[in-house]
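Spelled out, the chains give:
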Amino acid sequence: MDLLALADFNLVARHGGFGRAARATGHPKATLSRRVAELESILGLRLFERGGRELKLTQEGRSLYERTGTLLTELDETVAAIASGGDKPRGKLRISAPLLFSQIAMGRLAAGFALKYPQVRLEITTEDRPVDMVEEGYDLVIRIDPDPDESLVGRAFLRDRLVVVASSSLARPADLPVPAVVRGAGGQITSWDVITPTGKSRITVDPVLSLSSIVMVRDAVRAGVGAARLPISLVSHDLAAGTLVQWGDVGGPDIALWALYPSRRLLSARVSAFLDYLKEAFPMGTPDELAAFMK
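Residues numbered from 1 in each chain as written. Predicted model: local features only at pLDDT ≥ 70, side-chain atom pairs only at ≥ 80, totals over all residues. Heavy atoms only, no water.

**Looking at the overall build of the protein chain**
In plain terms, the rule: Each helix corresponds to a stretch of at least 4 residues labelled H or I by DSSP, and each strand to a stretch of at least 2 residues labelled E; elements are numbered beginning at the N terminus. Restricting the calculation to C-alpha atoms gives the radius of gyration, and the globule rule supplies 2.2 Å times the number of residues raised to the power 0.38. Classification of residues uses two cut-offs on accessible area relative to the type maximum, computed with a 1.4 Å probe and protein chains only: under 20% is buried, over 50% is exposed, and between them is partly exposed. Throughout, a residue-residue contact means that at least one pair of heavy atoms, one from each residue, lies within 4.5 Å.
When its secondary structure is counted, the protein chain shows 10 helices and 13 strands. Here the C-alpha atoms of the protein chain give a radius of gyration of 25 Å, more than 25% beyond the 19 Å that 2.2 N^0.38 yields for 295 residues. Expressed as a percentage of its 295 residues, the buried residues of the protein chain come to 42%. The contacts of the protein chain with a sequence gap of at least 6 include a subset with a gap of at least 24, amounting to 74%.

Encoded structure:
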């Protein structure tokens, strides 16, 4: 197969059209069109839907793009590394990370990584929504307890757990519902099950405040408005200082943060370096290691 035709097909797919690819790369539009047509002829497949104002990949075209884009990028990086006489990570690294982890740790992580690998151009986007890594051009995504996805592989690099906490000034009533601060809509919540040193118990709650951010929930609990279920990494310093008290563990499986990428094969030097950097930052993957970023 003609690698030039395959590379030009990837350029057109990445930029969403022959004209856009030509303007972005300086390649003649006619050459891009001819090589893509030759590739379609060799494969006996139509790779683009050419009707309408926008050029769209066919199902076969999308499959080819997803399978060959990473391979071609790795090939370019290998050639560049050999030409420069080394194999240091270089180029652009795009990462999508969840909001809370970004607020706590990504600033320091990104700065440290940039200092260690100055030839990598790191770009981090903060969002909690699922992303299409290939379609949106991400090299790595960090997610909390992600759903299984056969197209992605990765590793859990950090674990946390939920605890019920309240201000030291808030007494826990014996028989009355406890005022509670919840994330999101809390109208259906009536109780929390917790594990204490004396065993399991149930706390009846009255959601008096609903907030969209975990950090907002913690700040409201600090102000004494009610109790809440929060990651222990987020409140460990408050617990140590005595400003918050722990009423029990929520129990159940730990919260796991995963670093995910599209393929086990030909993992880029940039992604490998960032995965190793995460391992250095969180060698044991414990909540205490994450809490250390909040000092």
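**Considering the packing of aromatic side chains**
As a reminder, the rule being used: Working definition: rings of Phe, Tyr and Trp (its six-membered ring) pair if their centres are within 6.5 Å, and the pair is stacked with planes under 30 degrees apart, edge-to-face with planes over 60 apart, and tilted otherwise. Put simply, a charge is over a ring when the Lys NZ or the Arg CZ is close to the ring centre, within 6 Å, and near the line of the ring normal, within 35 degrees.
Using the criterion set out here, one finds 9 aromatic pairs in the structure. Ring geometry for Phe101 against Phe157: centres 5.8 Å apart, planes inclined by 70°, an arrangement best described as edge-to-face. Note that Phe101 is positioned in helix H5 (residues 99-116) and Phe157 in strand S6 (residues 153-160), a separation of 56 residues in sequence. There is no split in this pair, since Phe101 and Phe157 are both buried. On the numbers, 5.2 Å between centres and 35° between planes, the contact of Phe282 with Phe293 is tilted. Pair noted here: Phe282 is in the loop between helix H9 (269-281) and helix H10 (287-291) and Phe293 is in the segment after H10, with a separation of 11 residues, a long-range link. Comparing Phe282 with Phe293 shows no difference in burial state: the two are buried. Linked through ring pairs, Phe101, Phe157, Phe282 and Phe293 together constitute an aromatic cluster. One cation-aromatic arrangement involves Arg94 over Tyr138; the distance from NZ or CZ to the ring centre is 4.3 Å. In this structure, Arg108 is placed above the aromatic ring of Phe293, and the distance from its NZ or CZ to the ring centre is 4.7 Å.

**Some remarks on helix H3 (residues 29-43)**
Let me state the cut-off plainly: Each residue after the first adds 1.5 Å to the expected span of a helix.
Here H3 spans 21 Å end to end across 15 residues, near enough to the 21 Å set by a 1.5 Å rise per residue. Of all the residues in H3, the buried ones are Thr31, Leu32, Val36, Leu39 and Glu40. Just downstream of H3 lies Gly44, where phi reads positive at about 70°.

**Observations concerning the pairing of strand S4 (residues 120-126)**
Where we set the bar: Any two strands between which DSSP finds at least two bridges are classified as paired. Whether a crossover is right-handed comes down to one check: with the strands pointing away from the viewer, does the path from the first strand over the helix to the second run clockwise; if it does, it is right-handed.
Relative to S4, strand S3 (residues 91-97) runs parallel, the two being bridged by 7 bridges. Note on S4: the bridge partner recorded for Leu93 is Leu122. Traced from S3 through H5 to S4, the parallel crossover comes out right-handed.

**Here we look at the pattern of salt bridges**
For clarity, the cut-off: Take a side-chain nitrogen of Lys or Arg and a carboxyl oxygen of Asp or Glu: if they are within 4 Å of each other, that pair is a salt bridge.
By the definition in use, this model includes 14 salt bridges. A salt bridge links Asp139 to Arg270, with the shortest nitrogen-to-oxygen separation between them at 3.8 Å. Here the residue Asp139 occupies a position in the loop between helix H6 (133-136) and strand S5 (140-144), and Arg270 occupies one in helix H9, the gap between them amounting to 131 residues. You'll find Asp139 and Arg270 in the same group, each marked buried.

**A closer look at the nonpolar core**
The test is simple: The term nonpolar core refers to a set of buried residues drawn from Ala, Val, Leu, Ile, Met, Phe, Trp, Tyr and Cys, joined through side-chain atoms within 4.5 Å.
Phe101, Leu109, Ile142, Phe157, Leu230, Phe274 and Phe282 are the most contacted members of the largest nonpolar core, which has 42 residues in total. When sequence neighbours within four positions are dropped, the list of residues in contact with Phe101 reads Met106, Leu109, Ile142, Phe157, Leu158, Leu257, Phe282 and Leu290. By size, the runner-up hydrophobic cluster in this structure holds 18 residues, among which are Ala5, Ala22, Leu55 and Leu64.

**Side note on the sheet that holds S4**
The following threshold applies: In this description, a line fitted to the C-alpha atoms serves as the axis of each element, helices being fitted only across the stretch in contact, and the angle between N-to-C directions of two axes falls anywhere from 0 to 180 degrees.
Ordered in space as S4-S3-S5-S13-S6, the 5 strands form an open sheet in which the pairing is mixed. One side of each edge strand has no neighbouring strand; the edge strands of this open sheet are S4 and S6. Within the sheet, the average angular offset between the axes of one strand and its neighbour, ignoring direction, is 20°. Each of S3, S4, S5, S6 and strand S13 (255-261) is contacted by H5, which is oriented at about 170° to S4, the strand it contacts most.

**Some details on the side chain of Asn10**
Here is the rule we go by: Here a polar contact means two N or O atoms within 3.5 Å. Within protein one must be a hydrogen donor candidate and the other an acceptor candidate, and residues neighboring in sequence count only if both atoms are side-chain atoms.
Structurally, the position occupied by Asn10 is in helix H1 (residues 3-15). Of the polar contacts made by the side chain of Asn10, one reaches the backbone oxygen of Leu6; its length is 2.9 Å. Among all residues touching Asn10, those that are not within four sequence positions of it are Tyr65, Thr68, Gly69 and Leu72.

Keep in mind that these numbers describe shape and distance, not what the molecule does.
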